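# Fold and geometry: a report
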Amino acid sequence: MANGESIRRRRECLSCGYRFTSYERIEEKPFMVIKRDGRRQPFDRDKLYKGIDRALEKRPVSTSLIDQIVTEIEDEAYSRGKTTREIATSDLGEIVLARLNQVDKVAYIRFASVYKHFNNLDEFIQEVKSVGGGQ
C-alpha cells in the first residue's frame, strides 16, 4: 500500500509450497476525546469539520480555508495530547474558539453560543462585547 502505511511480504506455505502476498499494518492506539461526563470516544475529524463548517455557514470563508483550520486544530490537539493520546473536550473547544476568533468573529460567537452553554442573555451579551472589543 502507498505512503508506508503497511508492509508487503511474500510468503510460502511450508506444507504445500503455495506462494502468496500478505500485508501488515501498524495498529496504533486511537487518539481519544474525553467528554465532560468522563466518557472517552475516538477523535472524529468529520465531527470537528461539521461543527466548524456550521459556525462558518454563509460566512465569506472558502472550503479550502475551513480544511486548513480543521487541520491546524487537529495538529494542535494531537500536539497537546501527544503523551497520553487524548484530549479533553474543554481543551479542544478552547482551541476551536481561539482559531475561530482569529478567522471570523461571527463564527466565533456561533460556536461559543453552543459550546459555552450560556445560562442567560447577559452572559451571551458579555461574550459578544468581549469579542467586539466592548463596542
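Residues numbered from 1 in each chain as written. Predicted model: local features only at pLDDT ≥ 70, side-chain atom pairs only at ≥ 80, totals over all residues. Heavy atoms only, no water.

## Some thoughts on the sheet that holds strand β3 (residues 32-34)
Strand order in this open sheet of three strands is β4-β3-β5, and the pairing throughout is mixed. In this open sheet, the two strands that pair with only one neighbour each are β4 (40-42) and β5 (86-88). For this sheet the average axis-to-axis angle between neighbouring strands, irrespective of direction, equals 30°. Relative to β5, β3 runs parallel, the two being bridged by three bridges. When the bridges of β5 are listed, Val-33 appears paired with Ile-87. (Pairing = 2+ DSSP bridges. Helix = DSSP H or I, 4+ residues; strand = E, 2+ residues; numbered from the N terminus. Axes fitted to C-alpha atoms, helices over the stretch in contact; angles between N-to-C directions.)

## Things to note about the side chain of Ser-22
Topologically, Ser-22 is positioned in strand β2 (residues 19-25). Residue Ser-22 is classed as buried on the basis of its relative accessible area, which comes to 17%. In this structure the side chain of Ser-22 is engaged in a polar contact, spanning 2.8 Å, whose partner is the side chain of Arg-11. (Buried < 20%, exposed > 50% of the residue type's maximum accessible area, 1.4 Å probe, protein only. Polar contact = N/O pair within 3.5 Å; in protein donor to acceptor, adjacent residues only side chain to side chain.)

## Thoughts on the nonpolar core
Grouped together as the largest cluster of nonpolar side chains are 25 residues, with contacts concentrated most on Leu-48, Ile-52, Leu-56, Ile-73, Val-96, Leu-100 and Tyr-108. Setting aside anything within four residues of it in sequence, one finds Leu-56 in contact with Val-61, Ile-66, Ile-69, Leu-100, Asp-104, Ala-107 and Arg-110. (Core = buried A, V, L, I, M, F, W, Y, C linked by side-chain atoms within 4.5 Å. Contact = heavy atoms within 4.5 Å.)

## Re the pattern of salt bridges
Taken as a whole, this structure holds nine salt bridges when the rule is applied. Between Arg-19 and Glu-12 there is a salt bridge whose closest N-O contact spans 3.7 Å. Its relative accessible area of 46% is what places Arg-19 among the partly exposed residues. Residue classification places Glu-12 among the partly exposed positions, given a relative accessible area of 45%. The shortest N-O distance in the salt bridge between Arg-99 and Glu-72 comes to 2.5 Å. Highlighted residues: Arg-99 in helix α3 (residues 89-103) and Glu-72 in helix α2 (residues 63-80), separated in sequence by 27 residues. Look at Glu-72 and you get partly exposed, because its relative accessible area is 32%. Each of Arg-9, Arg-11 and Glu-24 takes part in one network of salt bridges that share partners. (Salt bridge = Lys/Arg side-chain N within 4 Å of Asp/Glu carboxyl O.)

## Remarks on unusual backbone geometry
The phi angle at Lys-58 is positive, at roughly 60°, despite the residue not being glycine. Within the element layout of this structure, Lys-58 appears in the loop between α1 (45-55) and α2. We classify Lys-58 as exposed; its relative accessible area is 80%. The phi angle at Arg-85 is positive, at roughly 60°, despite the residue not being glycine.

## Here's the deal with the environment of Ser-62
Note that Ser-62 resides in the loop between α1 and α2. Among the polar contacts listed, one links the side chain of Ser-62 to the side chain of Ser-64, at a separation of 3.1 Å.

## With respect to the packing of α1 against α2
Helix packing geometry: the angle between the two helix axes and the distance between the axes. Axis separation between α1 and α2 bottoms out at 10 Å; the angle between their running directions is 130°. What the angle tells us is that α1 and α2 run oblique. Taken as a pair, α1 and α2 cross one another with a handedness that is right-handed. Of α2, the residues touching α1 (which contributes Arg-45, Leu-48, Tyr-49, Ile-52 and Asp-53) are Thr-63, Ile-66, Asp-67, Ile-69, Val-70, Thr-71, Ile-73 and Glu-74. Of the residues belonging to the contact of α1 with α2, the class tally is seven nonpolar, two polar and four charged. (Parallel < 35°, antiparallel > 145°, perpendicular 65-115°, else oblique. Left-handed = near helix turned anticlockwise from the far one by under 90°. Nonpolar A, V, L, I, M, F, W, Y, C, P; charged D, E, K, R; others polar.)

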